[in-house]
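# An overview of the molecular structure
Letter by letter, the chains look like this.
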Amino acid sequence: MNSLKGHFLVASPHLVDPNFVRTVVLLIHHSEEGAFGVVLNRPAESTVRDLWEKVGAGHCDSDQHVHVGGPVPGPLMAVHTDRSAAEMEIVPGVYFAAQRENLEKLVHQHEHPYRLFVNHSGWGGGQLENELKQGAWFTLPATVEFVFADYDELWKRVTFRIGEAFWKSVLGVRHVPADPSMN
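This is a predicted model, so every value here is computed, not measured.

## With respect to the sheet that holds strand β9 (residues 114-118)
Reading across from one edge, β4-β5-β9-β6-β8-β7 is the order of the six strands in this open sheet, with mixed pairing throughout. Each edge of the sheet is formed by a strand with only one pairing partner; in this case those strands are β4 (43-47) and β7 (88-91). Each neighbouring strand pair of the sheet contributes to a mean axis angle of 35°, computed without reference to strand direction. Across three bridges, the pairing between β7 and strand β8 (residues 94-97) is antiparallel. For valine 91, the partnering residue across the bridge sits in β8 and is valine 94.

## Some thoughts on the nonpolar core
Of all hydrophobic cores here, the largest spans 36 residues; its most connected members are Phe8, Leu26, Leu40, Val79, Trp137 and Val158. A total of five residues in this core trace back to one element, the largest contributor, which is strand β2 (residues 24-31). In this structure, Val48, Trp52, Cys60 and Leu103 belong to the second largest nonpolar core, which totals 15 residues.

## A closer look at the pattern of salt bridges
This structure, assessed with the given rule, holds two salt bridges. In this structure, aspartate 63 engages arginine 49 in a salt bridge whose closest nitrogen and oxygen atoms are separated by 2.3 Å. Taken together, the residues span a long stretch of sequence, with aspartate 63 in the loop between α1 (48-54) and β5 (65-68) and arginine 49 in helix α1 at a distance of 14 residues. One salt bridge connects glutamate 145 with arginine 157, and the closest N-O pair in it is separated by 2.9 Å. A residue pair is termed long-range when its members are at least 10 positions apart, and glutamate 145 in helix α4 (residues 144-147) and arginine 157 in helix α5 (residues 154-171) qualify at 12 residues. What makes glutamate 145 partly exposed here is its relative accessible area of 45%. Under the relative-accessibility criterion, arginine 157 is labelled partly exposed at 34%.

## Considerations on the packing of aromatic side chains
In total, this model carries five aromatic pairs according to the counting rule given. Note on tryptophan 123 and tryptophan 137: the rings are 6.1 Å apart at their centroids and 80° apart in plane angle, and the pair reads as edge-to-face. Here tryptophan 123 is found in strand β10 (residues 121-124), whereas its partner tryptophan 137 is found in strand β11 (residues 137-141), with 14 residues between them in sequence. Across this residue pair, the class does not change: tryptophan 123 and tryptophan 137 are buried. By the ring-pair criterion, three or more aromatic residues cluster together here, those being Phe20, Trp123 and Trp137.

## As for helix α2 (residues 100-107)
By the burial criterion, the buried members of α2 are Asn102, Leu103, Leu106 and Val107. All buried residues of α2 lie within an arc of 125° about the axis, which places them on one face of the element. Of the surrounding secondary structure, the elements contacted by the buried residues of α2 are α1, β6 (77-80), β8 and β9.

Rules used in this analysis
- Residues numbered from 1 in each chain as written.
- Predicted model: local features only at pLDDT ≥ 70, side-chain atom pairs only at ≥ 80, totals over all residues.
- Heavy atoms only, no water.
- Pairing = 2+ DSSP bridges.
- Helix = DSSP H or I, 4+ residues; strand = E, 2+ residues; numbered from the N terminus.
- Axes fitted to C-alpha atoms, helices over the stretch in contact; angles between N-to-C directions.
- Core = buried A, V, L, I, M, F, W, Y, C linked by side-chain atoms within 4.5 Å.
- Buried < 20%, exposed > 50% of the residue type's maximum accessible area, 1.4 Å probe, protein only.
- Salt bridge = Lys/Arg side-chain N within 4 Å of Asp/Glu carboxyl O.
- Phe/Tyr/Trp six-rings, centres within 6.5 Å; stacked < 30°, edge-to-face > 60°.
- Arc of directions from axis to C-beta.
- Contact = heavy atoms within 4.5 Å.

Treat this as a map of the structure, not an account of what it does.
And the structure:
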C-alpha cells in the first residue's frame, strides 16, 4: 500500500456524500489501519476568537474562520507553518498540531499561516482505498500554496491542476489555458 499522507483528496462529481461534495481534504495520516485528514474548504460560521472564548482559553484577536474538518468528532486541531508548534510534518513546510500549548501558540501569533479545525474526516482500514477504486476521489500531492489558498476557490483550483496533469500525461499537452475557450 502506498501512503497518501500529505496528499489532497479531491471530491469527484461521483461522490454524493453531502459531507464531502466539492471538498478538498488534506490527508494527515494514511496507513493500512486507516486514514484521517481535514476538509480545507468548509469554513464554520464562528471565528477563532469566538471559539477561543467558548473553550475558556482566554482572549484571542483572530477573525479568521474555524473550519469543519469533517463529520467525525474529535479534538481541536490545526494545520500550520510554524515548525516550533509542530507535532508532525505533513508535507515540507506544513505541520499538524493538536496539543493545547501548540494551539495556544498558533492562535496568538500572526507570522505563520494556520487553519484551526473542529472535527475531522476518517476512514477505517481499506475504506479509503475502496472509495478511490470507485472513483469517489482524485488525489494530488499537497503544497503549502494550496493548503493555505482561499478556501472559496480551492476545489476549483485543485481540480484544474489535476485536469492539467491528466492532459499533459495523456495527450502530451504542454500548457492548458485557464479558459480553454480562449485557445
